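# Residue-level structural notes
Okay, here's what each chain looks like letter by letter:
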Amino acid sequence: VQWPNFYDFLAEHPFFAKAFKQHDDQLEKTNAIALQTFDELISWPEFPSTIEKLLSQYRQQRRSAGFSEDPPFHTEGDLVKYSAEYLINNVQELPSHYSLSGFWNASNELLLSFRNLPRFQPLEKAVKQLALSSDRLKRALESRRLSLSREFDVPAAPIPGIGFDE
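How each quantity is defined
- Residues numbered from 1 in each chain as written.
- Predicted model: local features only at pLDDT ≥ 70, side-chain atom pairs only at ≥ 80, totals over all residues.
- Heavy atoms only, no water.
- Helix = DSSP H or I, 4+ residues; strand = E, 2+ residues; numbered from the N terminus.
- Buried < 20%, exposed > 50% of the residue type's maximum accessible area, 1.4 Å probe, protein only.
- Contact = heavy atoms within 4.5 Å.
- Areas by Shrake-Rupley, 256 points an atom, 1.4 Å probe, with all protein chains shown as cover.
- Lys, Arg positive; Asp, Glu negative; His and termini not counted.
- Charge placed at Lys NZ, Arg CZ, Asp CG, Glu CD.
- Polar contact = N/O pair within 3.5 Å; in protein donor to acceptor, adjacent residues only side chain to side chain.
- Phe/Tyr/Trp six-rings, centres within 6.5 Å; stacked < 30°, edge-to-face > 60°.
- pLDDT = per-residue confidence, 0-100.
- Salt bridge = Lys/Arg side-chain N within 4 Å of Asp/Glu carboxyl O.

What follows is about the overall build of the chain. The number of helices and strands found in the chain is six helices and zero strands. Along the chain, helices (α) and strands (β) appear in the sequence α-α-α-α-α-α when read from the amino end. By its C-alpha atoms, the chain is 70 × 40 × 25 Å across when sized along the principal axes. For the chain, the proportion of its 166 residues judged to be buried stands at 30%. When contacts within the chain are restricted to residue pairs at least 6 apart in sequence, those whose partners lie at least 24 apart make up 63%. Accessible surface, the chain as shown: approximately 11700 Å² in total, 54% of it carbon and sulfur. Each charge sign in the chain was given a centre, from 18 positive and 23 negative side chains, and these centres are 7 Å apart.

Structure (structure tokens):
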């Protein structure tokens, strides 16, 4: 329903059309690099091997703590993929309602050290560039919002209890 407002805004502010395009291009580039990093990671023999060793240690720790069953894992291949996803997304800790939280939270310190490998440098660079692009766009939009607020003497955010109809 709001698309006409967006298109009107772009018609009046062509700078933002270019800024949105640059941001979207950077986001697409970052996603492509993340996917490439994911593919490299899961096909690199050392990563699945490390997951297998960590899973074995995790299961052993659970048994020695008196747990008779393992938490539900789909397959060890899925565990490798989820671990690669969490690694790429720099997940420090998973909440307990995730079925993989026990494994990830017990293994994350070692797994997150994979982010120090050279194969992660392009992703880190792209993420930083995306963050800069997002920040520039946010500041430009906030500046324009402030200008419009001052020009029309209207607060940028609604004031509870006061509507424009009054």
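What follows is about the environment of Thr-30. Relative to the assigned elements, Thr-30 resides in helix α2 (residues 14-43). What makes Thr-30 buried here is its relative accessible area of 7%. Remark: the alpha-carbon pair of Thr-30 and Asn-5, spanning 25 residues in sequence, is separated by 29 Å. Only 3.3 Å separates the side chain of Thr-30 from the backbone oxygen of Ala-126, close enough to count as a polar contact.

To continue, consider the packing of aromatic side chains. Enumeration over the complete set of coordinates arrives at twelve aromatic pairs. Arranged with centres 6.1 Å apart and planes meeting at 35°, the rings of Phe-16 and Phe-20 form a pair that is tilted. Here Phe-16 and its partner Phe-20 are both found in helix α2, four residues apart, which amounts to about one turn of the helix. Its relative accessible area of 4% is what places Phe-16 among the buried residues. Of the residues examined, Phe-20 reaches a relative accessible area of 18% and is grouped as buried.

Turning our attention to the confidence of the model for the chain. For the chain, the mean per-residue pLDDT works out to 91, and 92% of the residues sit at or above 70. Averaged over each element, pLDDT in the chain is lowest for helix α3 (residues 46-64) (91) and highest for α2 (96).

All right, on to the pattern of salt bridges then. For the structure on display, the rule yields four salt bridges. One salt bridge in this structure joins Asp-135 and Arg-139, with 2.9 Å as the shortest N-O distance. Here Asp-135 and its partner Arg-139 are both found in helix α6 (residues 121-152), four residues apart, which amounts to about one turn of the helix. A salt bridge links Lys-138 to Glu-142; its shortest N-O distance comes to 3.8 Å.

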